[in-house]
Amino acid sequence: MIFADPLGPGHVARQRLCRPGESLVWATYRRTFYYAVDGLDRLGAPVRSVFARGASAVGRGVGELALTVVGGGGDSGDDKAPDADHLVFGPSGESLAVRAVSGFDPGGRRNRLWALTSERLVLAVRVEAAEVPAEPAPKSLLGKAIGFGKEVGKILADNRRKFGEHVEGEPVAVPDFRVAVEIPRNQIADVQSGKTLRVVLVDGSGLEFLLEAPAVAQDEVVTRELAKFWLRGDERLVLGLPPIVGYVGGIVGGSLRVPWTAVSAMPPLELDKLRWPLPAPPSPRDWIDDPTLGYWVEAPSTSSSAVRLADHFAFSRGNARLAASDQRVAVVYPTRLFEAKPAGVFTTFAEIPRSAVRSLETVHVGQSLPARPVVRLTFTDGSRLDLRQS
């Protein structure tokens, strides 16, 4: 887990942008856009080239155009220009999409939040917190000494770990955004998804968001170690995950618990003081957007199979991992955590027979784009455990 990651766009959009009764379809952070509009160059200046006249008229693959032309370089000859992560296309400089973004400069690097809801397409910008004015510098020698002492005192008094904007022991804050542009649903003709996501407006103009799904690679070291030191002779390894550092959240017995704490007896393991940020205000549908959450459990009761596993992940603080064979699923700890001279490599807890597992699959959850993959274990007792993959 990377605790310094920002809170995901779906979580932020649902809490900061959605009106009462308005549902979120998707949300995404974007930084850099260019134009692919008839009569305009990529920065929005008028041109008369054949290429410019045909760019938006394609309407069939502006994303391909972006990858080959409006990335680095281009008409300006600036090889250091940032790559586009979204495009504005249209039949003219007066089209709806062009007018919608006219207040923003193309080619820059500025984080913005786009969200499609049941009622509108929204572009929002972050509202930065007002800075507290610095105290005037002390003029006398004594004043300077006192001022220096205050600063040293502040540093010594607050030794909490910092993770980007997040602070040890404090909930991840939901940043404030204000709506800068909104396009009502009656102006949206179509939403097309594929390698890119296109929002086409009624006049043929629109926006194209370039999507690059997070890559999930099999951890060959984990797979090799589990196959060698954990599998029994007649077993086949189905899945082995590296340790995931993060809290567990979930809904158990109808009660929301974020973070989850173990309810069953745990191994005799002494752990250091926890120095993580706390989860953001709970949003079950958007748990994957919270950089502090590594797992999500849903179960009818605390005796459910998913809770047996979740207890260990909540307790172990990233020291335990999930292992699954064609005969069982279990929580696996390094034996060295329990024994000074370990006789084996792994120690197994919460072993559940494969017959109690209804399905083991990779799914995408949440409304943020690009979508984030999770491993989902669903059990025959109606419980479910999701584990973050990236």
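The structure we're discussing is the one just above.
Owing to the predicted nature of the structure, the values given are computational and were not obtained by experimental measurement.

Peer 1: So what exactly am I meant to see when it comes to the overall build of the chain here?
Peer 2: A count of helical and extended segments in the chain gives seven helices and 21 strands. For the chain, buried positions account for 45% of its 390 residues. Counting contacts in the chain only where the partners sit at least 6 residues apart, residues at least 24 apart contribute 67% of the total. For the chain, the exposed surface amounts to about 19900 Å²; the carbon and sulfur share of it is 52%.

Peer 1: Just checking my understanding: could you explain the sheet that holds strand β16 (residues 321-325) for this structure?
Peer 2: Across a sheet, paired strands are connected by hydrogen bonds in the backbone, their directions being either parallel or antiparallel. Strand order in the open sheet formed by four strands is β12-β16-β17-β18, with antiparallel pairing between adjacent strands. Both outer strands of the open sheet, β12 (237-240) and β18 (346-353), are each paired with one neighbouring strand and no more. Across the sheet, the mean angle separating the axes of adjacent strands is 25° when strand polarity is ignored. For strand β17 (residues 328-334) and β18, the ladder comprises six bridges, and the chain directions are antiparallel. Within β18, the residue paired with V332 across the bridge is T348. Sitting on the sheet, helix α7 (residues 305-316) is in contact with β16, β17 and β18, with an inclination near 155° to β18.

Peer 1: Looking at this structure, I do not really get the nonpolar core. What am I missing?
Peer 2: Within soluble globular proteins, side chains that are nonpolar tend to cluster in buried spots. Formed by 31 residues in total, the largest nonpolar core has its most connected members in V297, L309, F313, L322, F379, L385 and L387. Elements supplying a minimum of two residues to this core: β13 (247-252), β15 (293-299), α7, β16, β17, β18, β20 (372-379) and β21 (384-388). Leave out the neighbours within four places in its chain, and L385 touches Y295, W296, V297, A306, L309, A310, F313, V375, R376 and L377. Of all hydrophobic cores here, the second largest spans 26 residues; its members include F33, V98, F104 and L197.

Peer 1: Is there a simple way to explain the side chain of D386 in this structure?
Peer 2: Looking at where D386 falls in the secondary structure, it is placed in strand β21. Within the structure, D386 has its side chain in polar contact with the side chain of R376 (distance 2.8 Å).

Criteria and thresholds
Residue indices begin from 1 for each chain and proceed along its sequence in written order. Local features in a predicted model are, by the rule used here, given only for residues with pLDDT of at least 70; side-chain atom pairs are given and counted only at 80 or more, and totals for whole chains, interfaces and linings are based on all residues. Computation of side-chain values covers all heavy atoms of the structure but excludes hydrogens and water. Helix and strand definitions follow DSSP, with helices as H or I runs of at least four residues and strands as E runs of at least two, each counted in order from the N terminus. Burial classes follow relative accessibility: with a 1.4 Å probe on protein chains only, a residue under 20% of its type's maximum area counts as buried, one over 50% as exposed, and anything between as partly exposed. Here, two residues are considered to be in contact whenever any of their heavy atoms come within 4.5 Å of each other. For accessible areas, the Shrake-Rupley method is used with a probe of radius 1.4 Å. Any residue's cover is judged against the shown protein chains and nothing else. At least two DSSP bridges between two strands are needed for those strands to be called paired. Angles here are taken between N-to-C directions and fall from 0 to 180 degrees, while the axes themselves are lines fitted to C-alpha atoms, restricted in helices to the stretch in contact. To form a nonpolar core, buried Ala, Val, Leu, Ile, Met, Phe, Trp, Tyr and Cys residues must be joined to one another through side-chain atoms within 4.5 Å. What qualifies as a polar contact is a pair of N or O atoms within 3.5 Å, subject to a donor-acceptor requirement within protein and to the restriction that residues adjacent in sequence count only when both atoms come from side chains.

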